[in-house]
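Read off the chains here:
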Amino acid sequence: MDKLAFTGTIISIQPRIRLARSFDEASHTYLGYAIKLDGELDGEKTVFSIGIGKAAHAKHQFKVNDTISGECVPVPDLDMEPVEYYKVSKLKVISTGEQGSSSSPWELVPPELEVYRERGHRRLAARTYDTKCSSCMWGCRMPVEIIVDNWNPRGKKKHRFETFCYGPLNCQLYKAGPNRKVEGRNGMVYVEEDWVDQMAVEHRGEDE
Ligand code: SF4
């Protein structure tokens, strides 16, 4: 497949993480970073998103307002990725932009993926993510694959997106939104109660 050339200014960079759910179990796949760009893709002005690996971010230390260029290909299965384009090559920084917001929403250079794993996340209301958190390095919009029959992992799967916050527990913009529900076998439904989030972040202080 021909690669598409792009240039654009970063308007969001967040971790690129996929979530697998099987009733009350959840596991993460750390894919890299999801970058939203305002620029030009294949000669057309547009806003679009690309996925990069952790090595590329470790090298370039991208952040909001940096302008970059490269080549990419469309993601074949948009249920499995938080971005529209991936397999990025010829990645270059054209200019380093001004520092964005240094409090919520945090527009700094996102840390290594291990930092996100160690911090743990809380669910984040989809509307709050869309209106307040889309440029925050602690926000994350994950593609979710649900294995409906947890006794048959190769069976029926469902897909959706969920939004999460890895940021400081005292962020004033945070809103949890409704508890997440996961469909299981024979019409059973698992409701992820608040204690799941509390346990995931209990090792952090209020301002961490
Ligand atoms: S709620 Fe979380 S993702 Fe949103 S601005 Fe605050 S720290 Fe960032």
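Data block above holds the structure.
Described in the following lines is the structure provided in the data block. From a predicted model like this one, the values you see are computed outputs, not experimental measurements.

The rules behind these values
Residues numbered from 1 in each chain as written. Predicted model: local features only at pLDDT ≥ 70, side-chain atom pairs only at ≥ 80, totals over all residues. Heavy atoms only, no water. Helix = DSSP H or I, 4+ residues; strand = E, 2+ residues; numbered from the N terminus. Rg over C-alpha atoms; globule rule 2.2 N^0.38 Å. Buried < 20%, exposed > 50% of the residue type's maximum accessible area, 1.4 Å probe, protein only. Lys, Arg positive; Asp, Glu negative; His and termini not counted. Charge placed at Lys NZ, Arg CZ, Asp CG, Glu CD. Core = buried A, V, L, I, M, F, W, Y, C linked by side-chain atoms within 4.5 Å. Contact = heavy atoms within 4.5 Å. Phe/Tyr/Trp six-rings, centres within 6.5 Å; stacked < 30°, edge-to-face > 60°. Near = heavy atom within 4 Å. Nonpolar A, V, L, I, M, F, W, Y, C, P; charged D, E, K, R; others polar. Arc of directions from axis to C-beta. Salt bridge = Lys/Arg side-chain N within 4 Å of Asp/Glu carboxyl O.

1. Observations concerning the overall build of the chain
- Across its full length, the chain holds 4 helices and 10 strands.
- Across the chain, helices and strands are ordered from the amino to the carboxyl terminus as β-β-β-α-β-β-α-β-α-β-β-β-β-α.
- Here the C-alpha atoms of the chain give a radius of gyration of 18 Å, agreeing with the 17 Å that 2.2 N^0.38 yields for 208 residues.
- Viewed in the frame of its principal axes, the chain has a C-alpha envelope of about 50 × 45 × 25 Å.
- Looking at the chain residue by residue over its 208 residues, the buried ones come to 45%.
- Separation between the mean location of the 29 positive side-chain charges and that of the 31 negative ones in the chain comes to 2 Å.

2. Observations regarding the nonpolar core
- One finds Phe6, Ile35, Leu37, Ile50, Phe62 and Ile68 to be the most contacted residues of the largest nonpolar core, which totals 32 residues.
- For this core, the element with the highest residue contribution is strand β1 (residues 4–22), accounting for 6 residues.
- Apart from the residues lying within four places of it in its own chain, the contact partners of Ile50 are Phe6, Tyr33, Ala34, Ile35, Leu37, Ile68, Cys72, Val83, Tyr85 and Val88.

3. Observations concerning the packing of aromatic side chains
- Applying the stated criterion across every chain, the model contains 5 aromatic pairs.
- For the ring pair Phe23 and Tyr190, a centre distance of 5.7 Å and an interplane angle of 50° mean the geometry is tilted. Taken as a pair, Phe23 in the loop between β1 and β2 (25–41) and Tyr190 in strand β10 (residues 189–191) lie far apart in primary sequence, 167 residues in all.
- Classification of Tyr190 as buried rests on a relative accessible area of 14%.
- Ring geometry for Tyr116 against Tyr166: centres 5.2 Å apart, planes inclined by 90°, an arrangement best described as edge-to-face.

4. Some points on the environment of Leu124
- Checked against the element boundaries, Leu124 lands in the loop between β6 (122–123) and α3 (126–133).
- What makes Leu124 buried here is its relative accessible area of 1%.
- Measuring from C-alpha to C-alpha, the distance between Leu124 and Ser95 comes to 32 Å, with 29 residues separating the pair along the chain.

5. Some details on the site of the ligand
- In the vicinity of the ligand there are 13 residues, among which Cys133, Cys136, Cys165, Cys171 and Tyr174 approach most closely.
- Of the residues assigned to the shell around the ligand, the class counts are 10 nonpolar, 3 polar and no charged.

6. Observations regarding α3
- For α3, the full list of buried residues reads Thr128, Tyr129 and Cys133. One face of α3 carries all of its buried residues, which in axial projection span an arc of 100°. Pointing more than 90 degrees away from the buried face of α3 are the exposed residues Arg127 and Asp130.
- Buried-residue contacts for α3 involve β1, β7 (139–147) and β8 (157–165).

7. Quick look at the environment of Gly39
- Here Gly39 is to be found in strand β2.
- Residue class for Gly39 comes out buried when judged on its relative accessible area of 16%.
- Separated by 63 residues in the primary sequence, Gly39 and Ser102 have C-alpha atoms spaced 24 Å apart.
- Once you skip the residues sitting within four places of it in the chain, Gly39 turns out to touch Thr7, Gly8, Glu44, Lys45, Thr46 and Phe48.

8. Observations regarding the pattern of salt bridges
- Under the definition given, this model contains 13 salt bridges.
- Two residues, Arg160 and Glu162, come together in a salt bridge whose shortest N-O distance is 2.8 Å.
- Put simply, Arg21, Arg160, Glu162, Arg180 and Glu192 are held in one network by salt bridges that share partners.

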